[in-house]
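# Descriptive analysis of the structure
Each chain is listed here by its residues.
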Amino acid sequence: MWKNIILIGLIVALSSCGAKKKGVEASNESKEIVLGRSEVVSYKSLGNGVASISLQLFKNNTFKFDFKSIPQPESTEKPVIISKKGTYTADGNWKILNFKNPRFSLAAIFDKTYAGAADFKVIDEENVKINTSKNTLSIWGVVCEKQ
């Protein structure tokens, strides 16, 4: 009987240590970029059946990008969810967003097929330059309106 209680206690202790370690790793990652409190500009997707998208730029030169695809009812696809924080630099009305080590293709999300050269430009795998003077921004083919 005592062996079972000790064994259960040991299992609980070991499993909780692993969970705590993962929590610490996640909190360290989120400490890297501290989002600002005041928005400079933000874009949100209009009602559509494709995706829910938002991009918020803050005064402290940070941004938050949220993306959730909406699978079609007849498909078995799971939604694609992206939530990424990053930093940006300003070049007049243009902002260069730095997505550090993204696990998605910026060229696929910021698809030049659906926008003109005056809207945005994908610089490389981690950086995209957007024109914040525009009232709308097309992200993944979805119109996002300036708030």
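Source: prediction; values computed, not measured.

## Some details on the pairing of strand S9 (residues 142-146)
- Pairing analysis gives three bridges linking strand S1 (residues 39-45) to S9, with the strands arranged antiparallel. Each bridged residue has a counterpart across the sheet, and for Tyr 43 the counterpart in S9 is Lys 146.
- Sheet analysis places strand S8 (residues 136-139) next to S9, joined by four bridges and oriented antiparallel. The residue bridging Leu 137 from the neighbouring strand is Cys 144, located in S9.

## Examining the nonpolar core
- The biggest cluster of nonpolar side chains holds 25 residues, and the ones touching the most others in it are Phe 65, Leu 97, Phe 99 and Phe 110.
- Contributing elements (two or more residues each) for this core: S1, strand S2 (51-58), strand S3 (62-69), strand S4 (81-91), helix H2 (106-109), strand S7 (127-131), S8 and S9.
- The element best represented in this core is S2, accounting for four residues.
- With near-sequence residues (within four places) excluded, Leu 97 lies in contact with Leu 55, Leu 57, Phe 63, Thr 87, Tyr 88, Glu 126, Asn 127, Val 128 and Ile 130.

## Description of unusual backbone geometry
- Backbone geometry places Asn 61, a non-glycine residue, at a positive phi of 65 degrees.
- Here Asn 61 lies in the loop between S2 and S3.
- Looking at Asn 61, the relative accessible area reads 36%, which means it is partly exposed.
- Backbone geometry at Asn 101 places phi at a positive 50 degrees, although glycine is not the residue there.
- Within the secondary structure layout, Asn 101 lies in the loop between strand S5 (94-98) and H2.

## As for the pattern of salt bridges
- Scanning the model with the defined rule gives three salt bridges in all.
- Ionic pairing is found between Asp 66 and Lys 64, a salt bridge with its closest N-O pair at 3.0 Å.
- Among the ionic pairs, Lys 129 bridges to Asp 91, the shortest N-O distance being 3.6 Å. Taken together, the residues span a long stretch of sequence, with Lys 129 in strand S7 and Asp 91 in strand S4 at a distance of 38 residues.
- A residue is classified by how much of its surface remains accessible, and Lys 129, at 22% relative accessible area, is partly exposed.

Definitions and cut-offs
Residues numbered from 1 in each chain as written. Predicted model: local features only at pLDDT ≥ 70, side-chain atom pairs only at ≥ 80, totals over all residues. Heavy atoms only, no water. Pairing = 2+ DSSP bridges. Helix = DSSP H or I, 4+ residues; strand = E, 2+ residues; numbered from the N terminus. Core = buried A, V, L, I, M, F, W, Y, C linked by side-chain atoms within 4.5 Å. Buried < 20%, exposed > 50% of the residue type's maximum accessible area, 1.4 Å probe, protein only. Contact = heavy atoms within 4.5 Å. Salt bridge = Lys/Arg side-chain N within 4 Å of Asp/Glu carboxyl O.

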